[in-house]
Amino acid sequence: MGAPDATIESAFGSHEPFSVGVEEELFLVDPVTGRQANASAAVQARLGTVAGTVERELHACQVELITDVCTSAGEAVAMLAGLRRAVVATGAGLLGSGTHPAAAEGEAEITDKERYERIRDLLGDAVATPVGGLHIHIGMPDPDTAIRAFNGLRRHLPLPQALAANSPFRHCRDTGLASSREVTVRGWPRSGVPRAMRDFADFEAATRLLARAADVPDYTWFWWKLRPHPRLGTVEVRALDAQTSLHDDASLVALTHCLARHEAEAEPEADPPAEVLEEGIFRAARFGVEARLPDATGSLRPVSELLTDALVLARAHARELDCEEQLDGLPALLAVGGGAGRQRAAYSIAGMDGLLRELTGLTGAVPPPAPSHGRS
């Protein structure tokens, strides 16, 4: 593919500091049964004008909904709501989950784009099962701040991943995991958490080296759970499962937004050992909101306790970032067992067919925007 570029294009500071943008990867399904449908090209062809962007994904059974640059979690999720409405208006169903609960391995077609064909060539059967993620971008004023926020967010990562775990089912069976998406993505190269970086020059050197070793053009071919994204001027959190409920989207975006804001200016804390961080990420995927996660010393603490501590940090910035209401939804998410708990509860009552209908109904059940009462 040729040698990677010697310099990395940087857009840090091109937007308001600590702006936020969100991407969600959703499954396209039959609107009645919730069965997976390879329909992204047809959906995109029928879309009208939208605020934001709807892109085809690696697999033809998915679309990616992308917000514009926003100032708050509430604004970003309102834009996601409009994008969900637009897709449903084409006649498609949408299903928000980290994996489709019932689709068989190999049912998903690869989208006919050069980049996606190259990914299939590179990864082989590792991409046989599509996954749906929630990606959160936080705008950074400069490269140094981006690296501080990136380094600080690493130690928090297992907590939001546990809260967002929303894929207990895969290939029509309960995997015993809260996030089977996490285990699926582990088959991809460059899908873990990179080490902490000394500074932006260290990030540039590390990514050039890895791009050369992987025979890929640049860092956008790294599927890390967390990464600086200089081309967009952001730090991007990629570890979270796609959500069924927009209310859950809003709470998770708000928490991530606030923690990034905190870490951008906080005094650096001890970097957790890589093996301890990896253990926390797996435990988050295995047990979801019921997990006990290790701190930097290896001591296990319940998600509920870690969330209490994280909310203290987050609420210090919530008014500035206009997300106090959204943060208040996190204890309720914890109480219902997260998305994984909701899925298992639905399955226990109505089986797989009932679960698919419920997920499809809830993902697509987006109320219309409130009418404008401005003066004519």
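The present account deals with the structure reproduced in this document. Residue positions are given per chain, counted from 1 along the sequence in the order it is written. For this predicted model, a pLDDT threshold of at least 70 governs which residues receive local features, and a threshold of 80 or more governs which side-chain atom pairs are given and counted, while totals over whole chains, interfaces and linings are taken from all residues. Only hydrogens and water are removed before side-chain values are computed, so all heavy atoms of the structure are retained for them.

**Structural notes on the overall build of the chain**
Argument step 1. Along the backbone of the chain there are 13 helices and 11 strands.
Argument step 2. A compact globule built from 376 residues would reach a C-alpha radius of gyration of about 21 Å, and the chain, at 20 Å, matches this within 12%.
Argument step 3. Summarising its shape, the C-alpha atoms of the chain cover approximately 55 × 50 × 45 Å along the three principal directions.
Argument step 4. Residue burial in the chain is summarised as follows: out of 376 residues, 56% are buried. Secondary structure counts use DSSP, requiring at least four H or I residues in a row for a helix and at least two E residues in a row for a strand, with both numbered from the N terminus. Taken over C-alpha atoms, the radius of gyration is set against a globule rule of 2.2 Å times the number of residues to the power 0.38. Buried, partly exposed and exposed residues are distinguished by accessible area as a fraction of the type maximum, computed with a 1.4 Å probe on protein chains only: under 20%, between the cut-offs, and over 50%, respectively.

**As for the side chain of Arg 283**
Argument step 1. Here Arg 283 is to be found in helix 9 (residues 274-287).
Argument step 2. Neither His nor the chain termini are counted; the positive set is Lys and Arg, and the negative set is Asp and Glu. The salt bridge definition used is simple: a Lys or Arg side-chain nitrogen within 4 Å of an Asp or Glu carboxyl oxygen. Despite being buried, Arg 283 has no salt bridge partner; Glu 279 is the closest side chain of opposite charge, sitting 4.4 Å away.
Argument step 3. Pairing of N or O atoms within 3.5 Å defines a polar contact, subject to two protein rules: one partner must be a possible hydrogen donor and the other a possible acceptor, and residues neighboring in sequence count only if both atoms are side-chain atoms. Here the side chain of Arg 283 touches Arg 292 through a polar contact of 2.6 Å, landing on its backbone oxygen.

**What about the state of the cysteines?**
Argument step 1. Throughout, a disulfide means two cysteine sulfur atoms within 2.5 Å of one another. Counted under the stated rule, the structure contains 0 disulfides.
Argument step 2. Cys 323 takes part in no disulfide bond, and the closest cysteine sulfur to it belongs to Cys 258, at a distance of 3.3 Å.
Argument step 3. Residue Cys 323 is classed as buried on the basis of its relative accessible area of 0%.

**Some words on helix 13 (residues 338-364)**
Argument step 1. By this rule, a helix spans an expected 1.5 Å times one less than how many residues it contains. Counted at 1.5 Å a residue, the expected span for helix 13 with its 27 residues is 39 Å, but the 19 Å between its end C-alpha atoms falls short.
Argument step 2. To get the bend at a residue, fit one axis to the 7 residues ending there and another to the 7 starting there, then take the angle between the axes. Taking the largest bend as the criterion, helix 13 deviates by roughly 125°, centred on Gly 351.
Argument step 3. The complete set of buried residues in helix 13 reads Gly 338, Gly 339, Ala 340, Gln 343, Ala 346, Met 352, Gly 354, Leu 355, Leu 356, Leu 359, Thr 360 and Thr 363.
Argument step 4. In this structure, the buried side of helix 13 is in contact with strand 1 (20-29), helix 2 (73-89), strand 4 (93-95), strand 6 (169-170) and helix 12 (330-335). We call two residues contacting when some pair of their heavy atoms lies within 4.5 Å.

**Digging into the pattern of salt bridges**
Argument step 1. Summed over all chains, the structure comprises 27 salt bridges.
Argument step 2. Measuring nitrogen to oxygen at the nearest pair gives 3.1 Å for the salt bridge that ties Arg 238 to Glu 236. The pair formed by Arg 238 and Glu 236 is uniform in burial state, with each residue classed as buried.
Argument step 3. Arg 261 is the salt-bridge partner of Glu 265, the closest N and O atoms lying 3.1 Å from each other. Of the two residues, Glu 265 and Arg 261 are both situated in helix 8 (residues 246-265); the distance of 4 residues between them amounts to about one turn of the helix.
Argument step 4. A residue is classified by how much of its surface remains accessible, and Glu 265, at 55% relative accessible area, is exposed.
Argument step 5. One salt-bridge network, held together by shared partners, links Glu 182, Arg 186, Lys 225 and Glu 278.

**A short note on the packing of helix 2 against helix 8**
Argument step 1. Geometry is summarised by axes, namely lines fitted to C-alpha atoms with helices restricted to the contacting stretch, and by angles between N-to-C directions that run from 0 to 180 degrees. At their nearest, the axes of helix 2 and helix 8 sit 9 Å apart, and the two run at 145° to each other. Handedness of the helix 2/helix 8 crossing: right-handed. Where helix 2 abuts helix 8, its residues Ala 73, Val 77, Leu 80, Ala 81 and Arg 84 lie against Leu 246, Asp 249, Ala 250, Val 253, Ala 254 and His 257. Crossing handedness: left-handed means the near helix sits turned counterclockwise from the far one by under a right angle, and right-handed means the same turn made clockwise.

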